[in-house]
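Understanding the architecture of this molecule
As a plain string of letters, each chain reads:
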Amino acid sequence: MPGNLCEHCVGMCCRYLALPIETPEDREEFDDIRWYLLHEGVSVFVEDGDWYIYFAADCRHLQPDYRCGIYQTRPRICRQYTTENCDYHSGEYGWEQHFTCPEHLDKHVREFFADERRRRTKPSSTAKRPRVKARRPAKPIRGRPGPTTDIAGRPLPRLGVKR
Ligand code: SF4
Ligand code: SF4
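Parameters at a glance
- Residues numbered from 1 in each chain as written.
- Chains lettered and ligands numbered in written order.
- Predicted model: local features only at pLDDT ≥ 70, side-chain atom pairs only at ≥ 80, totals over all residues.
- Pairing = 2+ DSSP bridges.
- Helix = DSSP H or I, 4+ residues; strand = E, 2+ residues; numbered from the N terminus.
- Axes fitted to C-alpha atoms, helices over the stretch in contact; angles between N-to-C directions.
- Contact = placed C-beta atoms within 7 Å.
- Buried ≥ 20, exposed ≤ 12 C-beta atoms within 10 Å, placed from the backbone.
- Near = placed C-beta within 6 Å.
- Nonpolar A, V, L, I, M, F, W, Y, C, P; charged D, E, K, R; others polar.

A separate point is the sheet that holds strand β3 (residues 50–56). Read across the open sheet, the four strands follow the order β1-β3-β2-β4; overall the sheet is antiparallel. Edge strands, defined here as strands with exactly one partner in the open sheet, are β1 (16–21) and β4 (97–99). Within the sheet, the average angular offset between the axes of one strand and its neighbour, ignoring direction, is 25 degrees. With six bridges connecting them, β1 and β3 associate as antiparallel partners. Of the residues in β3, the one forming a bridge with L19 is I53. Together, β2 (42–47), β3 and β4 form the strand contacts of helix α1 (residues 27–37), whose direction differs from that of β2 by roughly 130 degrees.

What follows is the structure, encoded as structure tokens:
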């Protein structure tokens, strides 16, 4: 691409902000996310398994020509951002899920809890094994004699026992 990449862009990186949020695990937490999504311009996305809230909001200093109006004093986060891996060409960006409305989330929630029910009802590998009751070897109790015969009734040798 000839020239500075930003000259070909409409300031995409200056038109939103995204913040990490807790990964929802129960119905209450999903309901909080539903509340976020009831708001205009808010969406939620999942990237590499991490959840983020996204606000579509132009920076107050984005100029009509899509340049920064406070370039010399722009915040740290803007200084660290480069065209190497930016929104214009996606770079390494890419979400697995992007919820733009509560209905979209509802579908995910139904699938999430259906999967969880399946996981919970799925027999585990150990559950299929025949149940064998573990037997502990007879253990002498201090002060009392231990077994003196084997299961056939033969006397057991009493090794190391001083009489
Ligand atoms: S850094 Fe990327 S997304 Fe931001 S204005 Fe330049 S080209 Fe556009
Ligand atoms: S301060 Fe400048 S670089 Fe940072 S978001 Fe606003 S317009 Fe973009």
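Turning our attention to the environment of C59. Relative to the assigned elements, C59 resides in the loop between β3 and α2 (76–80). A tally of 18 C-beta atoms within 10 Å means that C59 is categorised as partly exposed. Each C-alpha atom of the pair C59 and G11 lies 9.6 Å from the other, and the pair is 48 residues apart in sequence.

In the region of ligand 1, the neighbouring residues are L5, C6, C9, G11, M12, C13, T83, C86, D87 and Y88. Here the shell around ligand 1 is composed, by residue class, of seven nonpolar, two polar and one charged.

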